[in-house]
Amino acid sequence: MMLQRITKPTMWPLFFTLGVYATLIWVQGFYQALGQIISESHIALTMALGSFVAGGTALGGGAVAFPVMTKLLDIDPATAKVFSLAIQSFGMTAATITIFCRRIPVYKNVILMALPMAALGVTLSLLYIAPLTPRLLVKSIFSFLLLCFALTLILRWWRKAHHQPSSEFIQPKMLRFMAVALIGGIASGLVGSGADIALFALLVIAYNADVKKATATSVVVMTFTSLIGSSINAWYLDTITSEINGYLLAAIPIVVVGAPLGAYVCSKVKVGHLVSFLLVLIGLEVSFTCYELYPTLLGLF
């Protein structure tokens, strides 16, 4: 009886988390691992919220990590982007395992269409586009993505208020999803997030898709996009510096718990509460970007 419970797929996210913890303790030692979290507590606290958001919404953990690191902690956007992709590779993997093991519904046909183009987009972006993109433009692109996401949520809220039901089943157009996934992948290579936001927006705006199902779908796509982007950063571009490595060691123990928890909780809570929470986060981030852009725009005029 006990063996049957342990081998259930619903236990696999727990095994993944325990495996990550065991590996970190084996590599670092318990006290050193704990000391790393304490010494980089600002990153650990940031990702406590970021991983919860990543697991349960169409915003990756980078949607919290990137603005906090670049605006509050004054960390270079390139560093924040590499960290965001890397940490999502752990947290969103845990969330994706939870989604599949708990059989949280997804649009499987959309995932199959989007994954190849998102992978191509993030590869092109990291290798050719990101090195040529100015720092302030990167921040502005990220804020624009979040603003699009906020408008998508507001539209969905309006449809629900006017009793327009979501579509459980959709007939996606392949070229449309491939193009949006490519653009989202390019954005992910610039700011560490984007494929999930672009896909979620398309599903909700063009197809009136179910919010929770669209969210789970976007999490799965962003997971694989992050894994591909992080692999390129680690083994081809060699951009995982000792600084980023320290951030990762502090954040990984947090996100492998926070992301599955977010995926589970957000599948249970009311959509209105989730939307309100996300709109507050987005409003804060966009306000910070506007504040940074103001001197530049003032100089132009």
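Along each chain, the written sequence defines residue order, and numbers are assigned to residues from 1. Note on the predicted model: pLDDT of at least 70 is required for a residue's local features to be given, and 80 or more for side-chain atom pairs to be given and counted; whole-chain, interface and lining totals, by contrast, use all residues. The basis for the side-chain values is all heavy atoms of the structure; hydrogens and waters are excluded.

Peer 1: Hey, could you run me through the overall build of the protein chain in this one?
Peer 2: If you tally the helices and strands in the protein chain, you get 13 helices and zero strands. Across the protein chain, helices and strands are ordered from the amino to the carboxyl terminus as α-α-α-α-α-α-α-α-α-α-α-α-α. Think of it in three bands: residues with accessible area under 20% of the maximum for their type are buried, residues over 50% are exposed, and the middle band is partly exposed, with areas taken using a 1.4 Å probe on protein chains only. Relative to its 301 residues, the protein chain shows a buried fraction of 51%. Should any heavy atoms of two residues lie within 4.5 Å, those residues are considered in contact. Taking the contacts inside the protein chain whose residues are at least 6 apart along the sequence as the reference set, 84% of them involve residues at least 24 apart. Surface accessibility follows the Shrake-Rupley procedure with a 1.4 Å probe radius. Residue values consider only the protein chains on display as shielding. Taken as a whole, the protein chain presents about 14,400 Å² of accessible surface, with 72% of it coming from carbon and sulfur. In this text, helices come from DSSP runs of H or I with a minimum length of four residues, and strands from runs of E with a minimum of two, each type numbered from the N-terminal end.

Peer 1: Sorry, what's going on with the packing of helix 10 (residues 195–207) against helix 11 (residues 211–235) here?
Peer 2: Fitted lines through C-alpha atoms serve as axes, helices being fitted only where they are in contact, and the angles separating the N-to-C directions of these axes extend from 0 to 180 degrees. Close contact between helix 10 and helix 11 brings their axes to 8 Å; oriented N to C, the two are set at 150 degrees. On the basis of their axis angle, the class for helix 10 and helix 11 is roughly antiparallel. The crossing of helix 10 and helix 11 is right-handed. Here helix 10 contributes Ala 195, Asp 196, Leu 199, Phe 200, Leu 203 and Val 204 to the contact with helix 11, which in turn contributes Val 211, Ala 214, Thr 215, Thr 217, Ser 218, Val 221, Met 222 and Thr 225. Residue composition of the contact of helix 10 with helix 11, by class: nine nonpolar, four polar and one charged. An angle counts as roughly parallel when it lies under 35 degrees, as roughly antiparallel when it exceeds 145, as roughly perpendicular when it falls between 65 and 115, and as oblique in every other case. Left-handed describes a crossing in which the near helix is turned anticlockwise from the far one by less than a right angle; the clockwise case is right-handed. Side-chain classes follow a simple rule in which Ala, Val, Leu, Ile, Met, Phe, Trp, Tyr, Cys and Pro form the nonpolar group, Asp, Glu, Lys and Arg form the charged group, and the remainder, Gly included, forms the polar group.

Peer 1: Looking at this structure, how should I read the packing of aromatic side chains?
Peer 2: The geometry of an aromatic ring pair comes down to the distance between the two centres and the angle between the two planes. Classification of ring pairs rests on two measures: the distance between centres of Phe, Tyr or Trp rings, Trp counted by its six-membered ring, which must be within 6.5 Å, and the angle between planes, read as stacked under 30 degrees, edge-to-face over 60 and tilted in between. Within the structure shown, the criterion is met by three aromatic pairs. Ring geometry for Phe 83 versus Tyr 247: centroids 6.0 Å apart, planes at 85 degrees, classification edge-to-face. One end of the pair, Phe 83, is in helix 6 (residues 77–101); the other, Tyr 247, is in helix 12 (residues 242–266), with 164 residues separating them in the sequence. For Phe 83, a relative accessible area of 1% puts it in the buried group. Taken together, a centroid distance of 5.2 Å and an interplanar angle of 45 degrees make the contact between Phe 149 and Phe 200 tilted. One end of the pair, Phe 149, is in helix 8 (residues 135–161); the other, Phe 200, is in helix 10, with 51 residues separating them in the sequence.

Peer 1: Please explain the environment of Gly 185 as it appears in this structure.
Peer 2: With respect to the helices and strands, Gly 185 occurs in helix 9 (residues 174–191). Looking at Gly 185, the relative accessible area reads 0%, which means it is buried. Separated by 37 residues in the primary sequence, Gly 185 and Met 222 place their C-alpha atoms 8.7 Å from one another. Contact partners of Gly 185, with chain neighbours within four places excluded, come to Ala 118, Gly 121, Val 122, Ser 125 and Ala 195.

Peer 1: Mind showing me how you'd approach helix 6 here?
Peer 2: Structural remark: α-helix, 3.6 residues per turn; residues separated by three or four positions point the same way. Expected helix span is given by 1.5 Å per residue-to-residue step, counting one fewer step than there are residues. Counted at 1.5 Å a residue, the expected span for helix 6 with its 25 residues is 36 Å, and the 35 Å between its end C-alpha atoms agrees. Taken across its 25 residues, helix 6 has 21 buried, putting it largely inside the fold. For helix 6, the N-terminal cap is Asp 76; the gap from its side-chain oxygen to the backbone nitrogen of Ala 78 is 3.0 Å. After helix 6 finishes, the residue Arg 103 shows a positive phi value of roughly 55 degrees. Polar contacts here mean pairs of N or O atoms no more than 3.5 Å apart (in protein, one a potential hydrogen donor and the other a potential acceptor; neighbouring residues in sequence count only if both atoms are side-chain atoms).

Peer 1: Even after reading the chapter, I still don't get a nonpolar patch on the surface, so can you show me in this structure?
Peer 2: Excluding any residue in a salt bridge, patches collect residues exceeding 30% relative accessible area, merging like charges within 9 Å and nonpolar Val, Leu, Ile, Met, Phe, Trp and Tyr side chains within 5 Å. The term salt bridge refers to a side-chain nitrogen of Lys or Arg lying within 4 Å of a carboxyl oxygen of Asp or Glu. Together, Tyr 21, Ile 25, Phe 30, Tyr 31, Leu 34, Ile 38 and Val 257 line one region of the surface with nonpolar side chains, adding up to about 710 Å² of accessible area. Take the nonpolar patch: its biggest share by element is four residues, from helix 3 (residues 30–39). When you line up the elements, Tyr 31 lands in helix 3.

Peer 1: Looking at this model, I keep getting lost on unusual backbone geometry. Mind explaining?
Peer 2: Leaving glycine aside, a negative phi is the common case for residues, and trans is the common case for peptide bonds. Phi at Asp 74 is positive, roughly 55 degrees, even though this residue is not glycine. Note that Asp 74 resides in the loop between helix 5 (62–72) and helix 6. We note that Asn 208 has phi near 50 degrees; this positive angle belongs to a residue other than glycine. Looking at the element boundaries, Asn 208 is found in the loop between helix 10 and helix 11.

Peer 1: Just to check I follow, could you spell out the side chain of Thr 79 for this structure?
Peer 2: If you trace the backbone, Thr 79 turns up in helix 6. Look at Thr 79 and you get buried, because its relative accessible area is 16%. Contacts of Thr 79, omitting those with residues within four sequence positions, involve Glu 243, Ile 244 and Tyr 247.

Peer 1: Would you mind going over the side chain of Glu 40 with me for this structure?
Peer 2: As for its position among the elements, Glu 40 is in the loop between helix 3 and helix 4 (41–56). Since its relative accessible area comes to 17%, Glu 40 is described here as buried. The contact partners of Glu 40, leaving out residues within four places of it in the chain, are Gly 246, Tyr 247 and Ala 250.

Peer 1: Got a minute to help me understand helix 11 in this structure?
Peer 2: For helix 11, spanning 25 residues, the distance from its first C-alpha to its last is 36 Å, which sits close to the expected 36 Å at 1.5 Å a residue. Burial runs high along helix 11: 18 of the 25 residues are buried. By the N-cap criterion, in which a side-chain oxygen at the helix start approaches the backbone nitrogen of a residue two or three places on, helix 11 is capped by Asp 210, the distance to Lys 212 being 3.3 Å.

Peer 1: Looking at this model, I keep getting lost on the environment of Thr 241. Mind explaining?
Peer 2: The residue Thr 241 is located in the loop between helix 11 and helix 12 in this model. With 159 residues separating them in the primary sequence, Thr 241 and Val 82 have C-alpha atoms 9.5 Å apart.

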